[in-house]
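Reading the structure
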Amino acid sequence: MQAKLLGAVGALLATAFLAGPAAAADKTKIDFWFGNSGDIAKRVQEQCDRFNQSQADYEVVCTSQGSYDASLQNTIAAFRAGKQPTIAQVSDAGTLDIMLSGAFYPANKLMADMGYTVDWKDYFSGIANYYATSKGEMYSFPFNSSTALLYWNKDAFAKIGKDHAPATWQEAGEDFKALKDAGYACPLAFDISNNEVWQYVEQFEAVNGEAIATKKNGFEGLDAELTFNKNPLLVSYIKDLKSWYDNKLAVIKNKAVGQTFVEAFAAGDCQVILTSVGDHGNIGRTAKQGMNWGVSMLPTYGTTRHSSYVGGASLWVLQGHSDAEYKAAAAFFNFIAKPEEALTWSTVTGYIPVRNSGFEYLKKQGFYDKAPYAGRELAIQSLTASPADDTAPHGIRLGGLLQVRTEIANGLQAIFVNNADVQASLDGAADRGNQLLRRFQQTYKNVQLP
């Protein structure tokens, strides 16, 4: 059912443009629906409150939908009822779905129409390229941008004679064994749910300069096909991960076992994890007292390092609203783009500035010079690791990517839970994922990517 809902997002959104809610007499109110939950949801609400308190003309009503999936599905349902929000947060994985729907007001056009001058080149290219057309036109506003980093317990590594995190996965395997021999029950904590596989497949392929699909990961056409299963590096990596798991050097941690891998790391129970830089703030607040920890860029497989992919989500302005509501939306975007706001946002979340000017402002303020913020600049370095002439893909633009991730997760779970053959399971995941891509392609038959 979920796949059908998301696969039909274009048709639903493109045909359901109805007027938004009437503006209040004194203030123009707009709805902003987002998918973040937990601690991040609180930080989004705080940002909305800061905007509302900064001026008297507009009020943005920010409502968490509980998850990225729920946010997109609820937005679809709202269009059916003619009650769509003015602003909707869509995860990186849902970018192509809404981009082809035509149900949005392009970001660059909105700001120009509302009288704002925006230096779109100020956005980091690795972030902007994910949400822009082939002509460089920004269709949405990068918001909670992130990438994956390796988190490591410096105290545990000191006990095995190491003062740095592993730079390659070969080195990581040696470190995990040394940590196990030193008495640590959980050298590496990981999860293979559909919400977490992006770190172990997509980001692995990214930093090693490989694609997960043809057509430069879908940027060059809807007829792209998944090929991650044919990459010898990835297959070897998954086999290594399975070997570490079998030898208890790696432990699956998630809510089902009572402790997520992030919680396990913060508690000092597990010594290495891969997760978003967006978790940096939460780990800093919840880490075991006195625990000495840090972050590093993701290990490679001994190859030249390439840029990692941006994760997180962007903000899309939806059609069917009044000029007054669009003015309110533009004012909100102008507010969150301020360097001072970038500092506050990065301080309380761990997410990175999306603009060069914001990053430079943070550096001038000494933001990255000391704990608990030191190390977050590595996310920027990771996103910009490749030279300008790098021919490797700079992101992923596949329709129904959320469902593709579910099929990859199903393949990995067969490997780790049912002891299935690695190659056969990856092949099956790619086959099922390609079926999803062909259905998406059929939905947008003869449509050219913007």
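One numbering rule holds for all chains: residues counted from 1, following each sequence as written. Given that the model is predicted, a residue must reach a pLDDT of at least 70 before its local features are reported, and side-chain atom pairs must reach 80 or more before they are shown or counted; all residues, however, enter totals for whole chains, interfaces and linings. In computing side-chain properties, one takes all heavy atoms of the structure into account and sets aside hydrogens as well as water.

In the nomenclature of an unreviewed UniProt entry, the protein chain is known as sn-glycerol-3-phosphate-binding periplasmic protein UgpB of Rhizobium chutanense. Database annotation for the protein chain, UniProt heading Subcellular location (unreviewed entry): "Periplasm". UniProt positions are given in the numbering used here, feature names are shortened, and annotations may be inferred rather than shown by experiment.

In this description a helix means any DSSP run of H or I spanning at least four residues, a strand means any run of E spanning at least two, and both kinds are numbered starting from the N terminus. Secondary structure summary: the protein chain contains 20 helices and 11 strands in total. Here the C-alpha radius of gyration of the protein chain, 22 Å, is about what a compact globule of 450 residues would show, namely 22 Å. Partly exposed residues are those whose accessible area sits between 20% and 50% of the maximum for their type, while under 20% is buried and over 50% is exposed, using a 1.4 Å probe and protein chains only. Across the 450 residues that make up the protein chain, the buried fraction comes to 58%. Taking the contacts inside the protein chain whose residues are at least 6 apart along the sequence as the reference set, 79% of them involve residues at least 24 apart. Atoms counted for the radius of gyration: C-alpha only. Globule rule: 2.2 Å times residue count to the power 0.38. Pairs of residues are marked as contacts when any of their non-hydrogen atoms sit within 4.5 Å.

A word on the state of the cysteines. Counting rule for disulfides: a pair of cysteine sulfur atoms within 2.5 Å. Under the definition given, this model contains 2 disulfides. Shown here is the disulfide that connects cysteine 48 with cysteine 62, its sulfur atoms set 1.9 Å apart. Disulfide cysteine 48-cysteine 62: the torsion about the S-S bond is -100°, which places it as left-handed. Of this pair, cysteine 48 sits in helix H3 (residues 38-54) while cysteine 62 sits in strand S2 (residues 58-64); the two residues are 14 residues apart in sequence, bridging distant segments of the chain. Just as cysteine 48 is buried, cysteine 62 falls in that class too. Paired by a disulfide, cysteine 186 and cysteine 270 hold their sulfur atoms 2.1 Å apart. One disulfide, between cysteine 186 and cysteine 270, carries an S-S torsion of 95° and so falls in the right-handed class. Of this pair, cysteine 186 sits in the loop between helix H9 (169-181) and strand S7 (188-190) while cysteine 270 sits in the loop between helix H13 (261-266) and strand S9 (272-276), and the two are 84 residues apart along the sequence. Neither residue differs from the other here; cysteine 186 and cysteine 270 are each classed as buried.

Quick look at the side chain of glutamate 196 now. Among the secondary structure elements, glutamate 196 is positioned in the loop between S7 and helix H10 (197-207). Positive charge is attributed to Lys and Arg, negative charge to Asp and Glu, and no charge count is given to His or to the chain ends. One speaks of a salt bridge when a side-chain nitrogen belonging to Lys or Arg is within 4 Å of a carboxyl oxygen belonging to Asp or Glu. Nearest to the buried, unbridged glutamate 196 among oppositely charged side chains is arginine 405, at 9.1 Å. Here a polar contact is taken to be a pair of N or O atoms separated by no more than 3.5 Å, where protein atoms must pair a possible hydrogen donor with a possible acceptor and residues adjacent in sequence count only if both atoms sit in side chains. Only 2.5 Å separates the side chain of glutamate 196 from the side chain of glutamine 199, close enough to count as a polar contact. Look past the residues within four positions of glutamate 196 in its chain and what remains in contact with it is Asp191 and Phe261.

Inspection of the secondary structure assignment puts alanine 165 in the loop between helix H8 (154-158) and H9. Those residues within four positions of alanine 165 in sequence are excluded, and the remaining contacts are Leu150, Trp152, Glu171 and Ser296.

Right, let's get into the nonpolar core. By convention a nonpolar core is built from buried Ala, Val, Leu, Ile, Met, Phe, Trp, Tyr and Cys residues, the set being connected through side-chain atoms within 4.5 Å. Counting 127 residues, the largest nonpolar core has Phe32, Leu110, Phe228, Phe332 and Phe333 as its most contacted members. For this core, the element with the highest residue contribution is helix H15 (residues 323-336), accounting for 9 residues. Ignoring anything within four residues of it in the chain, the contact list for phenylalanine 332 reads Phe32, Cys48, Phe51, Val60, Ile87 and Leu315. Core analysis: the next-biggest nonpolar cluster, separate from the first, contains 10 residues, Phe79, Val90, Ile98 and Trp316 among them.

Right, let's get into the domain arrangement of the protein chain. Interfaces are often sized by the amount of accessible area the parts lose when they come together. Taken as a whole, the protein chain is organised into domain 1 (28-146 + 311-376) and domain 2 (148-309 + 389-444). Residue-level contacts link 29 residues of domain 1 with 24 residues of domain 2. By buried area we mean the combined loss of accessible area, with a 1.4 Å probe, across both parts when two parts are placed together. Among the residues domain 1 hides against domain 2, the three largest losses belong to Ala93, Leu96 and Tyr130. Together they make up 27% of the total. Close ionic contact of aspartate 39 with arginine 285 constitutes a salt bridge, the shortest N to O distance being 2.5 Å. The interface formed by domain 1 and domain 2 contains 12 residue pairs in polar contact (both at pLDDT 80 or more). Among the secondary structure elements, those contributing two or more residues to the side of domain 1 that touches domain 2 are H3, helix H5 (95-99), helix H7 (125-131) and helix H16 (339-349). These domain boundaries are the output of an automatic or database domain assignment.

Each aromatic pair joins two rings of Phe, Tyr and Trp (for Trp, the six-membered one) with centres within 6.5 Å, and gets the label stacked for planes under 30 degrees apart, edge-to-face for over 60, and tilted for any other angle. Enumeration over the complete set of coordinates arrives at 34 aromatic pairs. For the ring pair tryptophan 169 and tyrosine 237, a centre distance of 4.9 Å and an interplane angle of 45° mean the geometry is tilted. Here tryptophan 169 is found in helix H9, whereas its partner tyrosine 237 is found in helix H12 (residues 232-246), with 68 residues between them in sequence. Take tryptophan 169: its relative accessible area is 3%, and that puts it in the buried class. Where tyrosine 245 meets phenylalanine 416, the ring centres are 5.5 Å apart and the plane angle is 80°; that geometry is what we call edge-to-face. Placement of the pair is tyrosine 245 in helix H12 and phenylalanine 416 in helix H19 (residues 401-418), with a sequence separation of 171 residues. In this structure phenylalanine 416 comes out as buried when scored by relative accessible area, which is 4%. Here a set of aromatic residues connected by ring pairs shows up, and it is made of Phe32, Phe34, Phe51, Trp120, Tyr123, Phe141, Phe143, Phe332, Phe333, Phe335, Trp345 and Tyr351.

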